[in-house]
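Residue strings, one per chain:
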Amino acid sequence: MATAYVPFPTLRDDRFFLIMAIIMALTNIAGFSLQLAMGRSTFAAPWTVHAHAVIFFGWTFFYVVQSALVAGGSVALHRRLGWIGAGWAAAVVLVGVATTVMMVRRGTTPFFFQPVFFLFMNCLTALFFGALVTVAIWLRRRSDWHRRLLLCAMAMLTGPAFGRLLPMPLMIPWAAWGVFLAIMLFPLAGMIADQRRRGLVHPAWWWGTGTMLAVQMAMGALAFSGPGLALYDVITRDTPGAARPPLEFPPFPGR
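Residues numbered from 1 in each chain as written. Predicted model: local features only at pLDDT ≥ 70, side-chain atom pairs only at ≥ 80, totals over all residues. Heavy atoms only, no water.

Participant: Would you take a moment to explain the packing of aromatic side chains for this structure?
Facilitator: The geometry of an aromatic ring pair comes down to the distance between the two centres and the angle between the two planes. With the rule as written, the count across this model stands at 15 aromatic pairs. Summarising the aromatic geometry, the rings of F32 and F57 are spaced 5.5 Å apart at their centres and angled 80 degrees between planes, so their arrangement reads as edge-to-face. Remark: F57 occurs in helix α2 (residues 47-71) and F32 occurs in helix α1 (residues 14-37); sequence separation between them is 25 residues. Using a relative accessible area of 23% as the deciding quantity, one classes F32 as partly exposed. Ring plane angle 85 degrees and centroid distance 5.4 Å describe the contact between W59 and F129, whose orientation is recorded as edge-to-face. Residue W59 is found in helix α2, and its partner F129 is found in helix α4 (residues 115-138); the two are separated by 70 residues along the sequence. Across the pair, exposure class does not vary: W59 and F129 are buried alike. Members of the aromatic cluster, joined through ring pairs, are F111, F112, F113, F117, F118, F224 and F252. (Phe/Tyr/Trp six-rings, centres within 6.5 Å; stacked < 30°, edge-to-face > 60°. Helix = DSSP H or I, 4+ residues; strand = E, 2+ residues; numbered from the N terminus. Buried < 20%, exposed > 50% of the residue type's maximum accessible area, 1.4 Å probe, protein only.)

Structure follows, in structure tokens:
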């Protein structure tokens, strides 16, 4: 039967997932550090932005610590701390959506995304990050699924960092797809590792990357639809964001 569970060959790959966690954490640090070093970010930003940064990097650090605990054999402690991660992931979703709405209402969305697309891009990313984490927690007793789905969820959170590392102005109007291809490098590395070590790709990668692709395609489909534009109008009504045409790229900084 197609739905029958086929045991996946069990090989220790703790070190691989720890290395991937560290690489993704360094990607996030590099992206936001570059933003600060180039003067495109400031500590004078609204408090919601600071809250978002603390929660976002807190989750990133927690993900690395959890991966290190497993690699070090401290599985029992990893499991005890898991429910802290569940709450933290929920906070990532809520603050991510709230910060995006705040930016749209203030009319401060990046100039390489149409405002309405930015709204749906960030909100859908946050929501489906949460969905992947939820499924991973539900499958926590099947560690082969658990860790692969979590890696896909974490890869989605590297999108903002790649948006600061890639030459986004030169990628208009395909900037979002450029970021998508970049974040897909992480689950692709997992697929290659499985193929080399086991001779097959774990089905969790297909579910994870399929979710990521579906979210990417849904961004434009929803943002540029009638209901999507209507929702944007409701969110920005009577705010500075209402002056920004939802389907036009904002002017370059300084213009």
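Participant: Would you mind going over the nonpolar core with me for this structure?
Facilitator: Among the nonpolar cores identified, the biggest contains 63 residues, and W59, Y63, F113, F129, V133, L151 and M212 are the most heavily contacted of them. If one sorts the elements of this core by residue count, α4 sits on top with 13 residues. Ignoring anything within four residues of it in the chain, the contact list for L151 reads F17, M20, M24, Y63, F186, P187 and W205. (Core = buried A, V, L, I, M, F, W, Y, C linked by side-chain atoms within 4.5 Å. Contact = heavy atoms within 4.5 Å.)

Participant: What am I meant to see in helix α5 (residues 143-156) here?
Facilitator: One turn of an α-helix holds 3.6 residues; hence residues three or four places apart share an orientation. Helix length check: α5, at 14 residues, gives a terminal C-alpha distance of 20 Å against a target of 20 Å (1.5 Å per residue), a fit within 8%. With 13 of its 14 residues buried, α5 lies for the most part within the structure. (Expected span 1.5 Å × (residues − 1).)

Participant: How should the confidence of the model for the protein be read in this particular structure?
Facilitator: In low-pLDDT regions, the fine details of the predicted coordinates are not to be read closely. For the protein, per-residue confidence averages 91 on the pLDDT scale, and 90% of positions sit at 70 or higher. A low-confidence stretch, residues 1-6 stays under pLDDT 50, and its non-local contacts, those more than four residues away or across chains, total three contacts. (pLDDT = per-residue confidence, 0-100.)

Participant: What is the right way to read unusual backbone geometry from this model?
Facilitator: Glycine aside, a negative phi is what most residues show, and trans is what most peptide bonds show. Residue P173 follows I172 across a cis peptide bond; omega there is 5 degrees. Of note, P173 is situated in the loop between α6 (159-165) and α7 (175-183). Within the chain, D238 stands out as a residue other than glycine whose phi angle is a positive 60 degrees. The residue D238 is located in the segment after α10 (226-236) in this model.

Participant: What's the story with a nonpolar patch on the surface in this structure? I'm lost.
Facilitator: Together, W174, W177, L213 and M217 give the surface a local cluster of nonpolar side chains, amounting to about 460 Å² of exposed area. Relative to the helices and strands, L213 resides in helix α9 (residues 203-223). Taking the relative accessible area as the measure of exposure, L213 reaches 35% and is therefore partly exposed. (Patch = residues over 30% accessible without salt bridge, like charges linked within 9 Å, V, L, I, M, F, W, Y side chains within 5 Å. Areas by Shrake-Rupley, 256 points an atom, 1.4 Å probe, with all protein chains shown as cover. Salt bridge = Lys/Arg side-chain N within 4 Å of Asp/Glu carboxyl O.)

Participant: Sorry if this is basic, but what is going on with the side chain of T209 here?
Facilitator: As for its position among the elements, T209 is in helix α9. Those residues in contact with T209, other than ones at most four positions away along the chain, are C152, M184, P187 and M191.

Participant: When you look at the packing of α5 against helix α8 (residues 185-198) in this model, what are you seeing that I'm missing?
Facilitator: The packing of two helices is summarised by the inter-axis angle and the distance between the axes. With their axes 9 Å apart at the nearest point, α5 and α8 run at an angle of 150 degrees to one another. In terms of axis orientation, α5 runs roughly antiparallel to α8. Counted together, R148, L151, C152 and A155 of α5 and F186, P187, D194 and R198 of α8 form the full contact between these two elements. (Axes fitted to C-alpha atoms, helices over the stretch in contact; angles between N-to-C directions. Parallel < 35°, antiparallel > 145°, perpendicular 65-115°, else oblique.)

Participant: Got a minute to help me understand the side chain of S67 in this structure?
Facilitator: Tracing the backbone shows S67 in helix α2. Given a relative accessible area of 12%, S67 falls into the buried group. Beyond its immediate sequence surroundings of up to four residues, S67 is in contact with F17, L18 and A21.

Participant: Sorry, what's going on with α4 here?
Facilitator: Compared with the 34 Å implied by 1.5 Å per residue over 24 residues, the 35 Å span of α4 between its first and last C-alpha is a close match. The buried fraction of α4 is high, at 17 of 24 residues.

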